[in-house]
Amino acid sequence: MSKRAKTLRREHGDLQGQSLLDPDRFFSADPVQRRVARELYDAIADLSIVCPHGHVDPRLLADENATLGTPADLFIISDHYVFRMLYSQGIPLEALGIPRRDGARENLGDPVEADHRKIWQTFADHFCLFRGTPNGVWLAHELYQLLGIQQKLTGATAQAIYDELVDKLARPECRPRALFERFQIEVLCTTDGASDDLACHKAIRESGWQGVVRPTFRPDAVVNLLTPAWRSNLDTLSAAAGREITTAKGLIRALEERRAFFKRMGATATDSGVETPYTEALSPKKAEEIFSRALAGKATTPDARRFTGHMMIEMARMSVEDGMVMQLHAGCYRNHNPVVFEVFGADKGHDIPVASEWVYNLKPLLDRFGNDPRLTLLLFTMDETTYSRELAPLAGHYPALKLGPPWWFHDSLNGMARYFDQVMETAGLYNTAGFNDDTRAFVSIPARHDVWRRASANWLAGLVVRGLIDMADAAEMAPDMANGLARRTYKL
Amino acid sequence: MSKRAKTLRREHGDLQGQSLLDPDRFFSADPVQRRVARELYDAIADLSIVCPHGHVDPRLLADENATLGTPADLFIISDHYVFRMLYSQGIPLEALGIPRRDGARENLGDPVEADHRKIWQTFADHFCLFRGTPNGVWLAHELYQLLGIQQKLTGATAQAIYDELVDKLARPECRPRALFERFQIEVLCTTDGASDDLACHKAIRESGWQGVVRPTFRPDAVVNLLTPAWRSNLDTLSAAAGREITTAKGLIRALEERRAFFKRMGATATDSGVETPYTEALSPKKAEEIFSRALAGKATTPDARRFTGHMMIEMARMSVEDGMVMQLHAGCYRNHNPVVFEVFGADKGHDIPVASEWVYNLKPLLDRFGNDPRLTLLLFTMDETTYSRELAPLAGHYPALKLGPPWWFHDSLNGMARYFDQVMETAGLYNTAGFNDDTRAFVSIPARHDVWRRASANWLAGLVVRGLIDMADAAEMAPDMANGLARRTYKL
Amino acid sequence: MSKRAKTLRREHGDLQGQSLLDPDRFFSADPVQRRVARELYDAIADLSIVCPHGHVDPRLLADENATLGTPADLFIISDHYVFRMLYSQGIPLEALGIPRRDGARENLGDPVEADHRKIWQTFADHFCLFRGTPNGVWLAHELYQLLGIQQKLTGATAQAIYDELVDKLARPECRPRALFERFQIEVLCTTDGASDDLACHKAIRESGWQGVVRPTFRPDAVVNLLTPAWRSNLDTLSAAAGREITTAKGLIRALEERRAFFKRMGATATDSGVETPYTEALSPKKAEEIFSRALAGKATTPDARRFTGHMMIEMARMSVEDGMVMQLHAGCYRNHNPVVFEVFGADKGHDIPVASEWVYNLKPLLDRFGNDPRLTLLLFTMDETTYSRELAPLAGHYPALKLGPPWWFHDSLNGMARYFDQVMETAGLYNTAGFNDDTRAFVSIPARHDVWRRASANWLAGLVVRGLIDMADAAEMAPDMANGLARRTYKL
């Protein structure tokens, strides 16, 4: 390294701990745009948070005494987008305390690290990996703003910060319900399997606590014939629905009943995750043939593709009938790494996006229900190439279609900027659905919404300073982006 | 909405009507880049407008007394990119006065709104939908600059503005020919079917009016075997060409003759719109076999694909021979919504772009004519992913290839910025063809060219301030972008 | 052209020759970001240059008296990305002195221009074609900074500059070895066929000269069964390896031996160029069947695809065993133009990128070796759509994967900006491999690294001014981007 670089590093290293969070962060460098962005942001920064889609475990809120665990539990072990980055740099998942499916944790000679201080140290030693990433941004918000840490996390400060975090996380104000209120969450929707008894949601309602938590109906486990445990998933659904399911028709009936149950429990939306957004209206006969093959354990990949495509149309029909918003997340190759899957299981950071095609694939569904104002179909993609080419033109025409916010890896500053750039001109803001955080990491919720609100304010400021809209327009659009569009789209 | 947001809205709402059009709109927020952009823009803002490709109805200019209709006719009913946005938000097309194919308009109990004031009010009530969209930008230019409206269009101001517009549109200076001159249109090319008798163009020429209006030869209706009315289109061509067409060879001969007629009538270019840019040099025998099947009503989808691909090569050959510029617009799924198509027909905002592939598809054509300096083949895409990957490298090598400007939905500020970003480094400016507005909306022409000129000036300013080119270079490039490249490429 | 445009051109034309290279070029227009970028850049501008991948001819450095030829040789004839741009505008390759395969150069009535002054004039007359292109940027750096030309290259200044260049290129300090030292090249890796005897590398080592030049093992010519001269390439490999190759197993053994030889000669990496990154683990039997068909001249396109895919897995296995870094460049249609290929041969600017798919294609290889920390697999693409969708998520998970820098046409300011934007958030900086220039044009090396360093400094400055990282982080990241990541990734 050059002398100059070393000097730079030393000079600025001294500033560590100062201004860990810039109050104007994420706004344009340009002073005029920055001022307008700040003004728009100030007007929405404190609006209540609407979480119409996410994966927070409702148990956190069902038990009033639930805690967030150790700092390692909270920030590393439970967040596969944190530990995947460490893993990508050669750190074994065992060293990060990730439990193995074989339960090796409890065995003698356990390879899984149990010392959470040590896990934290490893994380802190490699905190540089998160520079410029969304995880880095959220972690900074959580540590320095939410939890009030006042020094930069590094290998050197790791243990002192660990102590401070342990202390803070033990306090009553860090219990999930207390945080829910402190976060000003107006409503939080979870995601729940079609057979789920929603016991946690019942418990929350019956507890007298005022927080609004709603379930979301997600039937992937029984709709995708190639799900490894499909047959037993079907049995579980049979049990939940109280009816034996031996036909495709029976499956559809069971789903209708479960949707009704979810609706009674407060759900306003469903969610489907598919590898491809292919849809096809099968004849009843053809649907039953495929279903029979699946029951016999003989469904093929094309069978599964066609059956799922058929079920998407059925889901749209049910939404037309019961008014639940239909969400479709497409284009994800689940569990790409067989080694990690074998040892650690699903949701370990090895789901990888693939290209998607919407115009041909979605047409059979749109032919039937695309013009029906009773349907709200929300599309989510990881294939940004379809933003301007396919999704914005589709959403800018079909009354039933709206576009979900940038999803997953694109829930990031650049991801949002590309989304605004590529979607808004053709679809218009009002064919989008605001923001959702889609997170399992409960404490990251304010950080994620804050990034969106800052990015939105900055985008609007860019339109204002370049004369595309006036400040009156921007002042109306900003709160819609912050929570209005989400609230209205999801009928919350 | 928060108090703050309400205050913001109130404060800035008071400013409505002031500065409806920022004189420095669309330029970078950065003051230095903005100053350079303004300087470059000032030098080209008033250059004459060259329109080498578009869809203005020549009847507007053939009849010296033609008018633009009511404000609802002009801005809503005739512009499917305006009414598609309203439709996407659940407003029925009938409520916007869009005529139905069944002529329900004239029937008793007509569902189609006939009160243009009411249509205008619906439009104004939803004008917020166009915030940040190209339509919003063009409408602002047309209302506030071209037609001199001095208050912002909202639900509240709708009727007063309607009155003012009715008054202004009735004046002689708002007749199409008067506007053509006021717009400083140097030449306007229309798009005309291969069988068209070009009567309007004849009428314009013979009228003694000085405006230059040229036809463009577009043979899609007879080249695409799967066009619904292909058989009758062929009969129309037979009649126009004065020869029975019973073979592929006969079709080609007829096209050659029609091209010669168009050329005599002033055409310098042809245009083809295809779903895919596939090309294939069929043997004469194979071409005739497919054509025979088509005549018998038995052409398959692959037949149509191959035949169209063959005809593209024939069109290139003819261009080599007669010198007409060949335009190829690829990657559009026409009439995606069967419900809207059934009731309202084609060109109702439901054409949707699809992915395109150029490197393999175009190779058979390029193998034959890509090195021939007599050919100018202009490519247009809606699949921006091909800008940097395929199109710019192809145009940066083949002498016959040039790239058309950002097309359709990408005729927008962001669309242009992406085009400059992704095309120019590899293709170079001089392998592009300047701008064309591609519009049916005659009054939007100055607005569209102004957006392009501002975007061009701003792009060049960005190169200057970052030291990539000097101001002398930029001062040469700017007028080429404004109209020079278009004029030269299209041989106008 | 308007008066205003003419005035502008005249005024600024007078400034030609002043500030031919802006010291703050390529930085953001924003003054704050620019100042931070400048500070970061100053700290890395003079760091030594690491060239881990490129195509410089080692003969240039093996012969201490080698020269760079005439200005036309240096800047035009040897640089197919310069002459392809001139060709795209209709200038025959013969007029640019490009040798024909038929050796027409030496014949009577030679159509190939031999007067290098005339070639230079043609180039200078069309120098405007390179405005805003990477070639324009590099040429400016080479002419105005490296070679000290003090007037802008135009048709008018062409001959004077030619004289000056001839004079300068003849001086000892312009010999390749002298330039190597002046450029502060720490290490330069060439690319060499699997059968190459590395005589030049031997000569360099034995000459006593201190410059570090390393070979890279590239076996495409024998791995791709459809290479036109595959059979004779195989014979050459047999000769080099000293063993007859009659089986796939024998081929693999020969490659292992050649890798060992390359490693002894200093190589730390291999490189493979494939049209698609398809991989497949063939059974030994299936591999031998395909190899037999290839020996018999009967290999099909699917055969070649599968065999190459199989060999990629074998190459990964060998890398696990011998520790050599594996580079994979995918997605290029070689020699797209049969006319140019027939007359002038390969590498004449008509290789065209195509779309690539990585998630499904690379899975068989990753299933085997993706978790192995002994493997470093570097991916390069021309399909930018895979940056955020596929490559960054893959590299952000698999320990064996890293992403190479923006390749080929994307080795440009916009290409780098898109790479930073689309890759870094998801992969993180430390799953990327820094920069490599990938060039045949030896004298362009400092220019290319300078563009990368400026673009990196500017990207980091953007993160700093928007509060994503602090200056201490940026000061550590900048030298890693300049040469640290390249040095470490390639084990140099």
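Since the structure is predicted, the reported quantities are computational estimates derived from the model, not experimental observations.

Visitor: Help me out: how do you make sense of the relation of the copies chain C and chain B in this one?
Guide: The relation between the two copies of this chain is a rotation about an axis and a shift parallel to it. For these two chains of identical sequence, chain C goes onto chain B by a turn of 120 degrees and a shift of 0.0 Å along the axis, with RMSD 0.0 Å. Taken together, the rotation and translation describe the operation of a three-fold axis. A low fraction, 4%, of the interface residues of chain C reappear at the interface in chain B, so the copies pair through non-equivalent surfaces.

Visitor: How do you make sense of the relation of the copies chain B and chain A when you look at a structure like this?
Guide: Mapping chain B onto chain A is achieved by rotating through 120 degrees and translating by 0.0 Å along the same axis, at an RMSD of 0.0 Å. Interface overlap between copies is the fraction of interface residues in one copy that are interface residues in the other; for chain B against chain A it is only 4%, indicating separate surfaces.

Visitor: Help me understand the packing of helix α12 (residues 230–241) of chain B against helix α13 (residues 248–264) of chain B in this model?
Guide: Helix-helix packing is characterised by the crossing angle of the two axes and by the distance between the axes. Residues and elements named next belong to chain B. For the pair α12 and α13, the least separation of the axes is 10 Å and the interaxial angle reads 55 degrees. When the axes of α12 and α13 are compared, the pair comes out oblique. In terms of crossing hand, the pair formed by α12 and α13 is left-handed. Where α12 approaches α13, its residues L234, L237, A240 and A241 are matched on the opposing element by L251, A254, L255, E257 and R258. Here the contact of α12 with α13 is built from residues that sort into seven nonpolar, no polar and two charged.

Visitor: How should the interface of chain C and chain B be read in this particular structure?
Guide: You'll often see interface size given as the accessible area lost when the parts meet. At the interface, 56 residues of chain C touch 49 residues of chain B. In total, chain C and chain B occlude about 4,500 Å² of area from one another, counting both sides; carbon and sulfur atoms represent 55% of this. If you look at where chain C meets chain B, you find six salt bridges. The partner of E476 of chain B in a salt bridge is R131 of chain C, and the shortest N-O contact between them spans 2.9 Å. Our count for the contact surface shared by chain C and chain B stands at 26 residue pairs in polar contact (both at pLDDT 80 or more). Sorting the residues of the side of chain C that touches chain B by element identifies α1 (3–13), α2 (31–44), α5 (80–88), α7 (134–146), α16 (338–344), β9 (352–353) and α19 (413–427) of chain C as the ones contributing at least two each.

Visitor: Which parts of the structure should I look at to understand the packing of α7 of chain C against helix α20 (residues 445–465) of chain C?
Guide: Residue and element names in this part refer to chain C. Where α7 contacts α20, the axes come no closer than 9 Å and their chain directions differ by 120 degrees. Between α7 and α20, the interaxial angle falls into the category oblique. Crossing angle aside, the handedness with which α7 passes α20 is right-handed. Between α7, through V137, W138, H141 and E142, and α20, the contact on the second element is made entirely by P446, A447, R448, D450 and V451.

Visitor: I'm lost on the domain arrangement of chain A in this one. Help?
Guide: All names here are of chain A. Split into domains, chain A comes out as domain 1 (68–169) and domain 2 (183–489). With centres defined by C-alpha atoms, the gap from domain 1 to domain 2 works out at 30 Å. Domain 1 puts 20 residues into the contact, and the matching count from domain 2 is 23 residues. Taken together, the two surfaces of domain 1 and domain 2 that pack against each other cover about 2,000 Å², and 70% of this comes from carbon and sulfur. In this assembly, domain 1 and domain 2 are joined by zero salt bridges.

Rules of the game
For every chain, the first residue of the written sequence is number 1, and numbering continues from 1 onward in sequence order. Both sets of labels track the order of writing: A upward for chains, 1 upward for ligands. Only residues with pLDDT of at least 70 are given local features in this predicted model, and only at 80 or more are side-chain atom pairs given and counted; all residues enter the totals for whole chains, interfaces and linings. Excluded from the side-chain calculation are hydrogens and water; included are all heavy atoms of the structure. We superpose the copies by least squares over the C-alpha atoms of residues that have a pLDDT of at least 70 in both of them. A contact between two residues is defined here by any heavy atoms of the two lying within 4.5 Å. Axis definition: a line fitted to C-alpha atoms, limited for helices to the stretch in contact. Angles are taken between N-to-C directions and run from 0 to 180 degrees. By definition, any uninterrupted DSSP run of H or I lasting at least four residues is a helix, any uninterrupted run of E lasting at least two residues is a strand, and each is numbered from the N terminus. By the definition adopted for this analysis, an angle is roughly parallel if under 35 degrees, roughly antiparallel if over 145, roughly perpendicular if from 65 to 115, and oblique otherwise. Each crossing gets its hand from how the near helix is turned against the far one by less than a right angle, where anticlockwise is left-handed and clockwise is right-handed. Any residue outside Ala, Val, Leu, Ile, Met, Phe, Trp, Tyr, Cys, Pro, Asp, Glu, Lys and Arg is labelled polar, Gly included; the first ten of those are nonpolar and the last four are charged. Defined in terms of a 1.4 Å probe, buried area is the accessible area two parts forfeit on being brought together, summed over both. For this document, the term salt bridge refers to a Lys or Arg side-chain nitrogen within 4 Å of an Asp or Glu carboxyl oxygen. Distance and chemistry together define a polar contact, namely a pair of N or O atoms within 3.5 Å, with one atom able to donate a hydrogen and the other to accept it when in protein, and with adjacent residues in sequence counting only for side-chain atoms on both sides. Where each domain begins and ends follows an automated or database-derived domain assignment.

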